[in-house]
Amino acid sequence: MKFTHTLKFQIGIALLALIALFSFFSMHTLKILDEQRTQGALLRLAGELQATAQHMAMQAMNYEKNTPQDSAAYTRDLRLYYQDLMNITGQFDDICAAFSSGDFQRQLEIHEPMNPVLSENTLDAAYELEDYWKKFMLDLDKVMGPDKMPHLADAAKLIVDRNPELLQKTRNLLKALDEDIQQRTRETNIIIRASFAVALIIAIGIMLWFYRQVLRPLSGSAEGFRQASAGNFSYRMPVTANNEIGFLALSFNQLSSRLNSLFKLTARLQEGSDLNETLEFVSHTFPELLPLDWVGVLFVSTDGQIQLERAYSDGVPEELGILHFPLKDTLLEQCLNSGEPLHIPDIQEVAQLSSSYRFLQVLTDRQRRDAIFLPVTSQSPIPGVLVFATRQAHAYGQEHTQLLSNLATVITLSFSRTLKLAEHARLAAIGQFVSDIAHEIRTPLATVSMALDYFENTELPEAAHKRLLLAEQEMARINRLLADILLYARPLTLKTESTDLCLILEKAITSRKPPAEKHKAAIALDCPEDTLPLHADPDRLLQIFLNLLGNAIEATTANSAVTIRVRSKDTDKVIQVDVTNRGDPIAPENLEYLFEPFFTTKANGTGLGLAIVRRLVQAHGGSVAVTSDTESGTTFTVRIPRML
């Protein structure tokens, strides 16, 4: 963006124009005020000329009427009338000279210089008055004679005779000056009106520019942010200017596009899209956010290699065949270990640095020059790398890397969820398969069991009888294993009702009394009478505590007690049951695996008992945990909310 296109520059120019306009009007106003003051002073001086001429004529007429009759009276008039006449003529002479020269400094008694420009008519009147005044003074000097004994009577007669013409000359000057002032006033009014019109046009132009370039785009920006705040990320601001607001609109549109793509991706994943659909969506949507014409995903296999699972080129699936590479000492391994996006600005150049960079060579063969590796490790059942690539070298800038860094968590979590959905689907299929196999196995097992029952009633040698008992025990173990497998693999449904937990626990204790007596273990139940009922499946609850109680009896030492303690938690919202035995503590390294399927420390265990317990407890919205040490023994804690 050019500096001249920025609002900073344009608004600065507009402000400078307004300042210049204000300065012009201020200076012009000061000039007008100064001219008005000057014009007033000139009119006052012209008025003084006229008043001085009239005063001189009145004094002369008074002297003619009262001519002195003796020397004493003449002496008095010489002291008064003559002195006043000299003062008047001197004053008139100064003002007249000021008009003809244009220098009024002394007459106006001001500190700043005042040299007004007089029009030609005013100057002609001033010159005419000055010429006449000089002649008048010459004639007056001749008539008066010597200064010591001037002829005042003759002087008065001359003044009276010549005064009308002198007054006319002063009136001509005053009239010319007045006409000059009126003309200047008219010109000033025209200039003021024209200046005001120009200023008004400039101000309206600035307002219109400000509205079009600032206010209207800002209104559009406000609408864009309103739409975005309402969740409409498909809204796009109109880009109407090449300035900061236009850049803001472009940035908003880019951000909105990215958020829209991200939400579409999230929605697609929430719909349960498989990996292929998700990758296809990324290949079609992400080119709006960054340069992208190839996207693929690689997953780490159990043999320490990494395999290219899916890839899309220019939005269509790419047939790659089976491509797997050693992971060790590769950039893919570096990306997975760091957990951060890795940018390869020039694939062709980097691929030549090491022979282990085989995947980069695959991208090079497909004419890709720039790539970003995004690790898919967070909460993912299978570690992997999502690869974004393009044909242009150095196409990805810092903003693209920053974008993927910001979106990395969401993208990896989304892909992890896709993988988890696929894994869950796979496990569900395995579960159904196992369930079907268990049903199929039960039929021949029933036949074998019938055969064993037949031999039970037949006399056999001692060695054969022992082998028969061993076979029956193993058959019972297989039946228990199949029953547990079916219970774990089948979809779980609950038949909930209001259930007395204390009664369920008493039934479990009654069922486990024979093995408890065999192990010489006492069972103590602490279940308060005011324990609130549960909304649960009583059969499933009984199964939970039969399993936990059976394990506790087997694990406890002889002549010790297994305790069951019931407590209400979180203001009776949750019921907690602790099943504790005083047997040998569980090894710390085994604690985290106790609830995993097929994990067992018993010689004849199936490894599904505690896994089934956890599944049943979680189906009730609860949780199960275990603690074990030498001082407190081993405690299984079951927490179940009272209401589902």
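Criteria and cut-off values
Residues numbered from 1 in each chain as written. Predicted model: local features only at pLDDT ≥ 70, side-chain atom pairs only at ≥ 80, totals over all residues. Heavy atoms only, no water. Salt bridge = Lys/Arg side-chain N within 4 Å of Asp/Glu carboxyl O. Helix = DSSP H or I, 4+ residues; strand = E, 2+ residues; numbered from the N terminus. Buried < 20%, exposed > 50% of the residue type's maximum accessible area, 1.4 Å probe, protein only. Pairing = 2+ DSSP bridges. Axes fitted to C-alpha atoms, helices over the stretch in contact; angles between N-to-C directions. Contact = heavy atoms within 4.5 Å. Disulfide = S-S within 2.5 Å. 1 Å grid on protein atoms, 1.4 Å probe; cavity = no way out; pocket = protein on both sides within 12 Å on 5 of 7 lines; lining within 4 Å. Points joined across faces, edges and corners; volume = space filled by probe spheres on them. Nonpolar A, V, L, I, M, F, W, Y, C, P; charged D, E, K, R; others polar. Phe/Tyr/Trp six-rings, centres within 6.5 Å; stacked < 30°, edge-to-face > 60°.

A. Highlighting the pattern of salt bridges. Counting across every chain of the model gives eleven salt bridges. Lysine 157 is the salt-bridge partner of aspartate 161, the closest N and O atoms lying 3.1 Å from each other. With aspartate 161 and lysine 157 both in helix 5 (residues 152–229) and four residues apart, the pair spans about one turn of that helix. Two residues, aspartate 180 and arginine 184, come together in a salt bridge whose shortest N-O distance is 3.5 Å. On the criterion of helical spacing, the pair formed by aspartate 180 and arginine 184 is a turn pair, its members being four residues apart in helix 5. Judged by its relative accessible area of 9%, aspartate 180 falls in the buried class.

B. Highlighting the sheet that holds strand 12 (residues 574–581). With mixed pairing, the five strands of this open sheet are ordered in space as 9-11-12-14-13. The sheet is open, and its two borders are formed by strand 9 (522–526) and strand 13 (623–629), each paired with just one other strand. Strand-to-strand, the axes of this sheet are offset by a mean angle of 15 degrees, without reference to chain direction. Pairing analysis gives five bridges linking strand 9 to strand 11 (residues 561–569), with the strands arranged parallel. By the bridge assignment for strand 11, leucine 525 is matched with isoleucine 564. Helix 15 (residues 538–555) rests against strand 9, strand 11, strand 12 and strand 14 (633–641) of the sheet, and its axis sits at about 25 degrees to strand 12.

C. Quick peek at the state of the cysteines. For the coordinates displayed, the defined rule picks out one disulfide. At a sulfur-sulfur separation of 1.7 Å, the disulfide partner of cysteine 502 is cysteine 527. Handedness of the cysteine 502-cysteine 527 disulfide follows from its S-S torsion of about -70 degrees: it is left-handed. Of this pair, cysteine 502 sits in helix 13 (residues 501–511) while cysteine 527 sits in the loop between strand 9 and strand 10 (534–536); the two residues are 25 residues apart in sequence, bridging distant segments of the chain. For cysteine 502, a relative accessible area of 12% corresponds to the buried category.

D. Representation of empty space enclosed by the protein within the structure. Counting across every chain of the model gives one cavity of 30 Å³ or more. Approximately 70 Å³ is the volume attributed to the largest cavity. Around the largest cavity, the lining residues are Phe325, Pro326, Thr330, Leu331, Leu332, Ser356, Tyr357, Arg358, Phe359, Leu360 and Phe373. The set of elements that each furnish at least two residues to the lining of the largest cavity consists of strand 4 (323–326), helix 8 (331–338) and helix 10 (358–365). Ranked by residue count, the leading element in the lining of the largest cavity is helix 10, at three residues. Taken together, the residues of the lining of the largest cavity break down into eight nonpolar, two polar and one charged.

E. Region of interest: the pairing of strand 11. Pairing analysis gives seven bridges linking strand 11 to strand 12, with the strands arranged antiparallel. When the sheet's bridge partners are listed, valine 566 is paired in strand 12 with valine 577.

F. Region of interest: the packing of aromatic side chains. One pass over the structure, following the stated rule, counts eight aromatic pairs. Between phenylalanine 286 and phenylalanine 388 the ring centres are 5.8 Å apart and the planes differ by 15 degrees, which places this aromatic pair in the stacked class. With phenylalanine 286 in the loop between helix 7 (275–285) and strand 1 (294–300) and phenylalanine 388 in strand 7 (residues 384–390), this residue pair connects regions lying 102 residues apart in the sequence. Considered together, phenylalanine 286 and phenylalanine 388 belong to a single accessibility category, that of buried residues.

Taken by themselves, the reported measurements are silent on function.
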